[in-house]
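# Notes for the structure review
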Amino acid sequence: MAVRRAAALHRMLLVAAAAAASVAAGAKVPAMFVFGDSTADVGNNDYLPWSFARADFPHNGVDFPGGKPTGRFSNGLIGVDFIAIAMGFSRSPPAYLSLMVNAANSSSDLTRNTTVAAAAAYTAGANFASGGSGLLDSTGSTISMTQQIEYFSDLKGQMSTRLSADRVSALMSKSIFLISAGSNDAFDFFSQNRSPDSTAIQQFSEAMISTYDSHVKALYNLGARKFAVINVAPIGCCPYLRSQNPTGECVEPLNQLAKSLNDGIRDLFSNLSSEMKGMKYSISSAYELVSSLIKNPHAVDKLQKLSMGLEEVKSACCGGGRFNAERGCIPSSNCCSDRSKYLFWDLLHPTQATYKFAGLVFYDGPAQFFSPISIKQLVEA
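Residues numbered from 1 in each chain as written. Predicted model: local features only at pLDDT ≥ 70, side-chain atom pairs only at ≥ 80, totals over all residues. Heavy atoms only, no water.

## Some words on the overall build of the protein
- Across its full length, the protein holds 13 helices and 10 strands.
- Counting across all 381 residues of the protein, residues that qualify as buried make up 56%.
- Look at the contacts in the protein between residues 6 or more apart in sequence, and 73% of them connect residues 24 or more apart. (Helix = DSSP H or I, 4+ residues; strand = E, 2+ residues; numbered from the N terminus. Buried < 20%, exposed > 50% of the residue type's maximum accessible area, 1.4 Å probe, protein only. Contact = heavy atoms within 4.5 Å.)

## A word on the pattern of salt bridges
- Summed over all chains, the structure comprises seven salt bridges.
- With a closest N to O distance of 2.7 Å, Arg339 and Asp63 form a salt bridge. Highlighted residues: Arg339 in the loop between strand S8 (334-335) and strand S9 (342-344) and Asp63 in the loop between strand S1 (32-36) and helix H2 (79-86), separated in sequence by 276 residues. (Salt bridge = Lys/Arg side-chain N within 4 Å of Asp/Glu carboxyl O.)

## Brief notes about the nonpolar core
- Judged by nonpolar contacts, the single largest core of 103 residues is most densely connected at Phe33, Phe35, Phe227 and Phe269.
- Not counting residues within four places of it along the chain, the set of residues in contact with Phe35 comprises Phe128, Ala129, Met145, Gln148, Ile149, Phe152, Phe177, Leu178, Ile179, Ser180 and Leu219.
- The next biggest cluster of nonpolar side chains, apart from the first, holds five residues, and it includes Cys317, Cys318, Cys329 and Cys336. (Core = buried A, V, L, I, M, F, W, Y, C linked by side-chain atoms within 4.5 Å.)

## A few points about the packing of helix H7 (residues 183-192) against helix H8 (residues 198-221)
- Packing of H7 against H8 leaves a shortest axis separation of 12 Å and a crossing angle of 150°. For the crossing formed where H7 meets H8, the hand is right-handed. Touching Asp185, Ala186 and Phe189 of H7 are Ala200, Ile201, Phe204 and Met208, all from H8.
- Partitioning the contact of H7 with H8 into residue classes produces six nonpolar, no polar and one charged. (Axes fitted to C-alpha atoms, helices over the stretch in contact; angles between N-to-C directions. Left-handed = near helix turned anticlockwise from the far one by under 90°. Nonpolar A, V, L, I, M, F, W, Y, C, P; charged D, E, K, R; others polar.)

## Observations concerning the pairing of strand S3 (residues 176-180)
- Of all five residues in S3, five are buried; the element is thus mostly enclosed.
- Going residue by residue along S3, you find Ile176, Leu178 and Ser180 tucked away on one face and Phe177 and Ile179 tucked away on the opposite face as well.
- Judged from the five bridges that link them, S1 and S3 form a sheet pairing that is parallel. Each bridged residue has a counterpart across the sheet, and for Phe33 the counterpart in S3 is Phe177.
- The pairing of S3 with strand S4 (residues 226-230) spans five bridges and is parallel. Paired with Phe177 across the two strands is Phe227, which belongs to S4. (Pairing = 2+ DSSP bridges.)

## Focus: the packing of aromatic side chains
- Scanning all chains against the criterion turns up 14 aromatic pairs.
- With a centroid separation of 4.4 Å and an interplanar angle of 15°, the aromatic rings of Phe189 and Phe204 are classed as stacked. Separated by 15 residues along the polypeptide, Phe189 in helix H7 and Phe204 in helix H8 bring together distant segments of the chain.
- With centroids separated by 5.7 Å and ring planes inclined at 90°, the aromatic side chains of Tyr212 and Phe269 adopt a geometry described as edge-to-face. (Phe/Tyr/Trp six-rings, centres within 6.5 Å; stacked < 30°, edge-to-face > 60°.)

## Section: the environment of Phe73
- Relative to the assigned elements, Phe73 resides in the loop between S1 and H2.
- Assessed through its relative accessible area of 9%, Phe73 is described here as buried.
- C-alpha of Phe73 to C-alpha of Leu348: the two residues are 275 residues apart in sequence and 9.1 Å apart in space.
- Those residues in contact with Phe73 that lie beyond four places of it in its chain are Ser38, Asp41, Ala53, Arg54, Ala55, Asn60, Gly131, Trp345, His349 and Pro350.

Okay, structure coming up:
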């Protein structure tokens, strides 16, 4: 019996590893590991039955290959997909929980499930991001950043049972660790402090950056060396916030909070890179990119021949109510016919068209959208 189980496990490992290898053929890095919130989630929340922060229903995914919802909070692919594509992958690595569930379909033993998941991550990586989560454990009720890193630690441990320590170390040091988080923490803070003064903003930002520091150091101690960070967008300009503002304009106090967080993120990574041997990083400015698109949606065709041609930068494509954003995107919602003309898909999230533009710009676009180097330069470093 033990021999048959071992043989079955070996076959599952080979199948999983072969599948991952086919995905990563020609990739510029060994793997990509993704952490964060709904801006990076590719389906982990589909496996959280208690959570309302899900996108596993129409109209989500209407422009995804096959036209089906995948758990991405968008009409199609999202930014991490396009960044992964630029690095030579077919799209973002799979949701970690999907690997675990797929493994469970073949085995009832959790240890073997994790080992199969590890095999699938050898040459592609895994996505741990969870919609609704934040940098702070107190934010949201989905998969916290702390838990995401613990999942990664478990996965690395299983990889280490199949590969030598040196090989795992080399894989980690060359792989890209992408983090897209912070917006939900800011939303939560603002919901309790509608008119925060400079002292309150500073105290909140310092607490956030201290927590971010701990997360980065935890990943570094697990072998991460190349960090691709996406900062906080001008979330006060999301359709939902506009719908709540009597003037219909951006909620500037929330944007100021995002700016404060971004300043802290910039200084944090600058300091950490000088302290931690071998660490390299690229910070992509979602704040600068979204702000630019809102101010002049037709002028961006000058940026390395990239063109958006947006026509609507305030209202959501899918939703309901004022700015089509007082209600979320559900199957009965109003949904625009030409998603390529919209900056925002739903009350909070961008369209596939916006994500594609962002992915290309962050990877190898104009210097105004990243610092100190682009993701492409990080990959090549």
